[in-house]
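# Observations on the model geometry
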Amino acid sequence: MALNSVQVGPPPSITHEDIDRAHDRQRVMWARQQGGAFSRIRLLWLLVGPGILVMLGENDGPSMLSYAATGARFGIGFFIPFIILTFVMAIIVQEMTVRLGAATHRGHAELIFERYGPFWGWFSMLDLLIGNFLTLITEFIAVRAGLGFFGVPPWAAVLIAITILLLALLTHRYWTWERVTLAAALFNLVFIPVALLTHPDWGGVGRALLTWQPFPREGLTSGTLIIVLANIGATVTPWMLFFQQSAIVDKGLTRRDISFGRLDTVLGAALAALAAVAMVLCTTPLFLHGMSTANYQAAEFAQALRPIIGKLGASLFALGIVEAGIVASITISISSAYAFGEVARRPHSLNLPLTEGKSFYAVLLLLAAAAGGLVLIPGLPLVYVVLIVNVIAVLAMPPALVFLYMLVNDRELMGALVSPRWANLLAGAVVVVLTSAGILFGMSVIAPHVFATLGGR
Amino acid sequence: MMRGKDQQLQPETAELVTTVLEREQLASAAKTAVPRRRLSPTQLAVLWSLRIYVLFMIAVVVYQVWAATAQQ
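What comes next concerns the included structure. (Residues numbered from 1 in each chain as written. Chains lettered and ligands numbered in written order. Predicted model: local features only at pLDDT ≥ 70, side-chain atom pairs only at ≥ 80, totals over all residues. Heavy atoms only, no water.)

Before going further, it helps to examine the packing of helix H7 (residues 118-148) of chain A against helix H16 (residues 358-375) of chain A. Residues and elements named next belong to chain A. Packing of H7 against H16 brings their axes to within 8 Å, and their N-to-C directions diverge by 55°. Classed by the angle they form, the pair H7 and H16 counts as oblique. Regarding H7 and H16, the two cross each other, and that crossing is right-handed. In contact with Phe133, Leu136, Ile137, Phe140, Ile141 and Arg144 of H7, H16 contributes Leu367, Ala368, Ala370, Ala371, Gly372, Leu374 and Val375. Looking at the contact of H7 with H16 residue by residue, the classes come out as eleven nonpolar, one polar and one charged. (Axes fitted to C-alpha atoms, helices over the stretch in contact; angles between N-to-C directions. Helix = DSSP H or I, 4+ residues; strand = E, 2+ residues; numbered from the N terminus. Parallel < 35°, antiparallel > 145°, perpendicular 65-115°, else oblique. Left-handed = near helix turned anticlockwise from the far one by under 90°. Contact = heavy atoms within 4.5 Å. Nonpolar A, V, L, I, M, F, W, Y, C, P; charged D, E, K, R; others polar.)

Shown next as structure tokens:
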């Protein structure tokens, strides 16, 4: 297979993108040559990024609001271990993109398009672009709602988010962009100190982790299922596949770096799971006080929590939502731009100067600007949009996973890195869980009487 | 062989790139298409089933949104 074999031919053309990537890889090479424990730490520092970014990026505005809604509606119980399980599913799925990216040096969209043809390629692209655009809208909803707590008008909130997105891109360098965005993404952990301010019932947390109890009092209703789907959609979504694989290619990871890519993914999932559980704990007091939070946005959650966690806590909560929306708007719009460039065969790298990557940066900024503009439409049912976007993400995931499954089992592409049987079984289990959750939700809406006979209400 | 402003690059830079990067990592490698693979009937059946599943479920979500809006 051409992708993995040594090729002999004319000298390759070298671009600005190649030179930047070569400098990054040179540092990895030097670190590897040094040897010893310090070298391993340095290698980890140099090679982490896409995994942490994708996981913390997926702890985005709608995800954090879904976790907030979960805590406010159900408190400590079933959903805490369930959220951790969703991150385990995310690790299983994202690990495959690490291997695929490092083995082929091709983006996800590019591989589907070229390996299975334009018909399926465009279908996948369409799923991704529609899903990403809807999600981007919700990121701006989160930014708007979070900054609304500080009295910032919606138009200014959208402008701030787009300006930050633009500033992150001005580096024209993958490495710098990655480090700046990572630093911003780590602010997601702000929900941990906020959760501590609510003095959580740690005994209850421990019992929930061990027993998955208490189960929601209302039982298995379509409302509960929406929260289940929203929580899955908050962790496992199509854009993550496309983003992490493209970012791994852009960063220049190779087969030798896969163990670090895996560690990066697990580290990202652990940090993101901590932040997600912390968010559930943050809003649990609202459940304990029996408050109705059905139509709450970030600002309302922060306001409602203010008597419990104080002004500082509420402000940090709102800022956390803003950060979640901004970081995700950066990563999601970049995932769209990567996929567009891969399919349209246009240059697509964060190492590209503006002059060489016009279409890459234009797609990215146009999508962000359009999504930001839509959020300014008055009367949009924002909270419902947020939950539904996560639900749609879950529904679109099985087809994306099947392509991923086929690609990582393609011996011509993967060589020795083809998925082992246990990895296939785990991936199959994730597809079954996602599809079953979707079908149960469908039944609860269309045929509630059938749903009731299965134990639902 | 370089293009645009990169033509002024030093030979050692070009050597660094070709030494440090795998050939498939170069931007120019993306111009070589990955060979097409025919989908088996089973794979096609799975893909079409999932496609129908997605379209059907999106209709369900739209109905759910409509029903929720009508209730308010």
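Once you've had a look at it, read on.
All names here are of chain A. Taken as a whole and judged by the stated rule, the model has 19 salt bridges over all chains. A salt bridge links Asp250 to Arg21, with the nearest nitrogen and oxygen atoms 2.8 Å apart. Residue Asp250 is found in helix H13 (residues 238-251), and its partner Arg21 is found in helix H1 (residues 16-34); the two are separated by 229 residues along the sequence. This pair shows no difference in class: Asp250 is buried, exactly as Arg21 is. Among the salt bridges present, the one from Arg99 reaches Glu95, with a minimum N-O distance of 2.9 Å. You can see Arg99 and its partner Glu95 sitting in helix H5 (residues 79-104), four residues apart, about one turn around the helix. Accessibility expressed as a relative area gives 2% for Arg99, which makes it buried. Glu95 sits in the buried class, given a relative accessible area of 13%. Within this structure, Asp20, Asp24, Arg27 and Arg173 form a network of salt bridges that share partners. (Salt bridge = Lys/Arg side-chain N within 4 Å of Asp/Glu carboxyl O. Buried < 20%, exposed > 50% of the residue type's maximum accessible area, 1.4 Å probe, protein only.)

The next subject is the packing of H1(A) against helix H1 (residues 11-20) of chain B. Packed helix pairs are characterised by how far apart their axes lie and by the angle those axes make with each other. With their axes 9 Å apart at the nearest point, H1(A) and H1(B) run at an angle of 60° to one another. Looking at the two axes, H1(A) sits oblique to H1(B). Judged by the twist between their axes, the crossing of H1(A) over H1(B) is left-handed. Contacts from A:Asp18, A:Ile19, A:Ala22, A:His23, A:Arg25, A:Gln26 and A:Met29 of H1(A) reach H1(B) at B:Thr13, B:Leu16, B:Val17 and B:Val20. Residue classes in the contact of H1(A) with H1(B) are distributed as six nonpolar, three polar and two charged.

None of the figures reported here should be taken as evidence of function without further support.
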